[in-house]
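Given next are the chains, with one letter for each unit.
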Amino acid sequence: MEETRISLRDAGKINPECLDDYIAVGGYKGLEKARSMDPAALIEEIENAGKLRGRGGAGFSTGFKWRGAFSTPSDVKYVVCNADEGEPGTFKDRTILESDPHTVLEGILICAYAIGARDAFVYVRGEYTRCVELLRKAAKDVEERGLRGETKLHIVSGAGSYVCGEETTLLTSLEGYRGEPRLKPPFPTVAGYLGKPTVVNNVETFAAVPVIVEKGSKWFSTIGNEKFPGTKIFCLSGDIKKRGVYEVATDAKLRDIIDELGGGVRDGHHIKAVQMGGGSCGFLKPEQLDVQIDFDSMRAAGSSLGSGAILVLDETHDMAELSRSIARFFAGESCGKCVPCREGTFRLAEILDELMNNRGSAEQLTLIRNLKSVMTGSCFCPLGQGAANAIVSAMDLFPEDFEKHFGKREEKRHV
Amino acid sequence: MKNIETLMAELGGSGCLLDVLKAVQAERGYLSDDDLRAVAAAFGREANSVYETASFYGMLSLAPEKKNVLEFCGSVNCEAAGRRDVAEAAEREIAGSPLWEIKRCECQGRCDTAPNVVLNGTAYPSMTPEKIRALIRKAGV
């Protein structure tokens, strides 16, 4: 199988610091075309793009968001690019921004024109210092070349918080407050940054926009799965020969991505489990990999497309140990706003610690299941709602990994 | 040392509090109560509100840091790639040294080179126990 590149079309071909390089490969033509269109017609084009669905994880319709912000009456509107790529195992946005920052800025400027926003923000996570550098240079070049039109670009940077990747949390953080989520509705398209209508899209989504505008929604709709057209970028990590970032059409099969693009697992080993979509997504067993990677097929398979992270694990791993690591991650990242998440993630980590330290029992696994149902139903935001997903999925698929710790003492110390 | 107004002007008026706090921290090493009061005044906010923000984020420090700060990513990807062996080797190497601090950091978005560590703000890929020992010795225990 081969890659199909849209968002990564210029990666490795142009100098990311050079605006002329980007223009030489057709850059900012989409923006020019967009600005010759009526904003309503432009939004319709994005809606028609086989319903371009967001690439950040939730798969929400991009055109619907733009339409929402467009039709909400307000004198001030904003565009925010979510470059707070904190999901473990995900490094596609970093790859896009480090190889082609202008395509993202072009997508943002097209959106700003469509909804009538005078200010656009790129919120880049604090860890991505190189991306911030490149984006600030790119925004300055756009300004000097007179390409920004009516919209001012602001490149701002986070300070180390996973939950800020959630869009309402990101807006709160952008406003200079603790990273805590807000109640939806109102959705950001009605009341977002500073309470004004705001479109929040992911880096990968914005990167696809210039090409869709330039080549048209009909062209885009012919690529990949017809219900979820276009491409998706996957980040392969774990026990795989060729780790890295791959962009494929959405009718690709998960197994082909792992075996053909990733080269399969190390010689002499075999796949035990695959975690798709990030830390809160369930595991798949090797026999479940013949699934198409579009949003709906993944969901039907009991997994999730999520951010596009693919963690491949071979038979050397103990799923109980990895579950404890996942639990600790969420306990560390819970913002503390709501009790079910703050206490629930803490208890998940504590119970799995007990399990790994000679105090494991079947009752504890039941307790984890109960916690999951409470947290899914009562946590304020997706962090808590999904924190126990992967753990319970591991318990379902690999009960023996948990049972073997019943009454056993763990020898190794951990950090 | 630059004052807050100069640092804010250098940021080109992006106006985002986190960027300003990070710039102040880069200049001073950490964020003192006086720094937070000054930033709060510049933003027209109460000092306690800025403190609330500053105390939330992992990359902001409200007290002087040790000379060497070694950070391990807390994600399952680094765990699966052998972070624990690396972390244990690091702990043994720096045992009792007053110059070192080990803490957890966010995923560095470099899972293709896991396990990753961050030493004093710089990310180091594909860590092994041998490599981390060499890195620590080079920085000095």
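Visitor: Whenever I open this one, the overall build of chain B confuses me. Can you help?
Guide: Helix and strand content of chain B: seven helices and four strands. Its helices and strands taken in sequence order, chain B reads α-α-α-α-β-α-α-β-β-β-α from the N to the C terminus. Reported as C-alpha extents along the three principal axes, the dimensions of chain B are approximately 50 × 30 × 25 Å. Put simply, 60% of the contacts in chain B that link residues at least 6 apart link residues at least 24 apart.

Visitor: What should I look at first to understand the domain arrangement of chain A in this one?
Guide: For an interface, size is often stated in terms of accessible area lost upon the parts coming together. All names here are of chain A. For chain A, the assigned domains are domain 1 (19–221), domain 2 (231–314) and domain 3 (319–403). Measuring from the centre of the C-alpha atoms in domain 2 to the corresponding centre in domain 3 gives 23 Å. Counting residues at the interface gives eight residues for domain 2, matched by 10 residues for domain 3. Across the side of domain 2 that touches domain 3, the residue classes tally to three nonpolar, four polar and one charged.

Visitor: For this particular structure, what's the right way to read the sheet that holds strand 3 (residues 117–119) of chain B?
Guide: Residues and elements named next belong to chain B. Across the sheet, four strands lie side by side as 2-1-3-4; this open sheet has mixed pairing. The open sheet has two free edges, formed respectively by strand 2 (100–105) and strand 4 (122–124), since each of these has just one partner strand. Here the strands of the sheet are splayed against their neighbours by 25° on average, with no regard to which way each runs. Pairing of strand 3 with strand 4 involves three bridges; the strand directions are antiparallel. Residue pairing for strand 4: Val-118 is matched across the bridge by Ala-123.

Visitor: Where do I start with the environment of Leu-352 of chain A in this structure?
Guide: All names here are of chain A. Tracing the backbone shows Leu-352 in helix 14 (residues 339–359). Once the C-alpha coordinates of Leu-352 and Leu-365 are considered, the two residues, 13 residues apart in sequence, prove to be 9.0 Å apart. Setting aside its immediate chain neighbours within four residues, Leu-352 contacts Ser-323, Arg-324 and Ala-327.

Visitor: Sorry, what's going on with the sheet that holds strand 7 (residues 271–276) of chain A here?
Guide: Two strands in a sheet stick together by hydrogen bonds in their backbones, pointing the same way (parallel) or opposite ways (antiparallel). Residue and element names in this part refer to chain A. The strand order 6-5-9-7-8 describes an open sheet built from five strands, whose pairing is mixed. Each end of this open sheet is capped by a strand with a single partner; those strands are strand 6 (244–249) and strand 8 (283–284). Pairing between strand 5 (residues 231–238) and strand 6: six bridges, direction antiparallel. Along strand 6, the bridge assignment pairs Phe-234 with Tyr-246.

Visitor: Teacher, can you tell me more about the packing of helix 4 (residues 62–71) of chain A against helix 6 (residues 101–115) of chain A here?
Guide: Residue and element names in this part refer to chain A. It is at 9 Å that the axes of helix 4 and helix 6 come closest, and there the two elements cross at 40°. Overall, the two elements helix 4 and helix 6 adopt an arrangement that is oblique. Within the contact between the two elements, helix 4 uses Trp-66, Ala-69 and Phe-70 and helix 6 uses Cys-111, Ala-114 and Ile-115. A per-class count over the contact of helix 4 with helix 6 returns six nonpolar, no polar and no charged.

Visitor: In this structure, what is going on with the pairing of strand 3 (residues 152–157) of chain A? I would like to understand it.
Guide: Consecutive side chains of a regular strand alternate in pointing toward one face of the sheet and then the other. Most of strand 3 of chain A is tucked away: five of the six residues are buried. Of the crossover connections in this fold, the one passing from strand 2 (residues 119–124) of chain A over helix 7 (residues 129–144) of chain A to the parallel strand 3 of chain A is right-handed.

Cut-off values and rules
- Residues numbered from 1 in each chain as written.
- Chains lettered and ligands numbered in written order.
- Predicted model: local features only at pLDDT ≥ 70, side-chain atom pairs only at ≥ 80, totals over all residues.
- Helix = DSSP H or I, 4+ residues; strand = E, 2+ residues; numbered from the N terminus.
- Contact = placed C-beta atoms within 7 Å.
- Domains from an automatic or database assignment.
- Nonpolar A, V, L, I, M, F, W, Y, C, P; charged D, E, K, R; others polar.
- Pairing = 2+ DSSP bridges.
- Axes fitted to C-alpha atoms, helices over the stretch in contact; angles between N-to-C directions.
- Parallel < 35°, antiparallel > 145°, perpendicular 65-115°, else oblique.
- Buried ≥ 20, exposed ≤ 12 C-beta atoms within 10 Å, placed from the backbone.
- Right-handed = clockwise from strand over helix to strand, strands pointing away.

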